[in-house]
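Results of the structural survey
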Amino acid sequence: MEKRVQLYEGKAKKVYATDDKNIYIVSYKDDATAFNGLKKGTIVGKGAINNKVSNHLMGLLEKEGIPTHVVQELNDRETAVKAVTIVPLEVIIRNIAAGSLAKRLGLEEGLKLPSTVLEFCYKRDDLGDPLVNESHIKALNLASESELLQIKAYSLKINTILGAYLLPLGIELVDFKLEFGKTADGTIILADEISPDTCRFWDTSTHEKLDKDRFRRDLGKVEDAYNEILSRLMGGA
Ligand code: TMP
């Protein structure tokens, strides 16, 4: 497979075309941003860690019947993925109140939610990715009714699979963000990444934050947290 032109550069990844129209290459960067790009920095080694973490977790999900975009890890920071058109939604799943939910609804961070919360944001950087509901998604035609049903079912199943996998590793899955894509034949598959950039991971016993909140909130030991997640996933903890 041959890398061709760069199609897109996002805040954390670049996407390249290849000589196969059905395959793209994603390249993970060490760049980190928060608050819609207002805060900028570098997390040394993040690209390689997120590449490995995301591929590991998506491999697990594939085995459990969730179709994902991952085709093959190519090197430290690059992975071949299925070419998709991204559905312009961020799906957020929450098990414990934190971040914007805690702020918006006046909940204490750390409160275990009695039932899973599923939210959608419209992927529009120029609008700051606003929260939308299903009637907005329908009115704006962001996804069809059947696509949305599929996306919700996959998202809840992913929560169950990942939560059960991470718990014995001493990692609490507080909340996370997913993005889905549509292949040329219209199939919905899991795309983007699952990593400490896109999830809140807390140590089960100490409740220490092992994710991008260390960068967002200037908590220090950012690289250590990313390395800790990788090492626990790879069985080194
Ligand atoms: P929030 O509490 O800030 O809304 O974040 C919810 C989850 O979504 C959290 O695990 C971090 C993740 N997330 C992203 O992956 N990208 C984003 O741009 C934002 C705001 C959150």
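In case you missed it, the structure is sitting above this.
A brief report on the enclosed structure follows. Quantities reported herein were computed from a predicted structural model and do not represent experimental measurements. (Residues numbered from 1 in each chain as written. Predicted model: local features only at pLDDT ≥ 70, side-chain atom pairs only at ≥ 80, totals over all residues. Heavy atoms only, no water.)

As a matter of local geometry, the ligand sits amid 13 residues, with Arg94, Ser100, Asp175, Lys177 and Arg200 nearest to it. One nitrogen or oxygen atom from the side chain of Asp175 is found 2.6 Å from an oxygen atom belonging to the ligand. Contact distances for the ligand include 2.9 Å between an oxygen atom and a side-chain N or O atom of Arg200. Elements that contribute at least two residues to the shell around the ligand include exactly strand 9 (89-96), helix 2 (99-105), strand 12 (171-182) and strand 14 (199-203). Considering each element in turn, the shell around the ligand owes the most residues, three residues, to strand 12. Classifying every residue of the shell around the ligand gives four nonpolar, three polar and six charged. (Near = heavy atom within 4 Å. Polar contact = N/O pair within 3.5 Å; in protein donor to acceptor, adjacent residues only side chain to side chain. Helix = DSSP H or I, 4+ residues; strand = E, 2+ residues; numbered from the N terminus. Nonpolar A, V, L, I, M, F, W, Y, C, P; charged D, E, K, R; others polar.)

Another point: the pattern of salt bridges. For the structure on display, the rule yields 30 salt bridges. One salt bridge connects Asp218 with Lys39, and the closest N-O pair in it is separated by 2.7 Å. Of this pair, Asp218 sits in the loop between helix 5 (213-216) and helix 6 (222-233) while Lys39 sits in strand 5 (residues 39-42); the two residues are 179 residues apart in sequence, bridging distant segments of the chain. For Asp218, a relative accessible area of 60% translates into the label exposed. Salt-bridge contacts for Arg200 lead to Asp175; the nearest nitrogen and oxygen are separated by 2.8 Å. Taken together, the positions of Arg200 in strand 14 and Asp175 in strand 12 put the pair 25 residues apart, joining distant regions of the chain. A relative accessible area of 11% places Arg200 in the buried class. (Salt bridge = Lys/Arg side-chain N within 4 Å of Asp/Glu carboxyl O. Buried < 20%, exposed > 50% of the residue type's maximum accessible area, 1.4 Å probe, protein only.)

A pair of packed helices is captured by two measures, namely the crossing angle of their axes and the spacing between those axes. For the pair helix 1 (residues 46-63) and helix 6, the least separation of the axes is 10 Å and the interaxial angle reads 35°. Note that helix 1 runs across helix 6; the crossing there is left-handed. Contact residues: helix 1 offers Lys46, Ile49, Asn50, Lys52, Val53, His56 and Leu57, while helix 6 offers Tyr226, Asn227, Ile229, Leu230 and Leu233. Considered class by class, the residues forming the contact of helix 1 with helix 6 number seven nonpolar, three polar and two charged. (Axes fitted to C-alpha atoms, helices over the stretch in contact; angles between N-to-C directions. Left-handed = near helix turned anticlockwise from the far one by under 90°. Contact = heavy atoms within 4.5 Å.)

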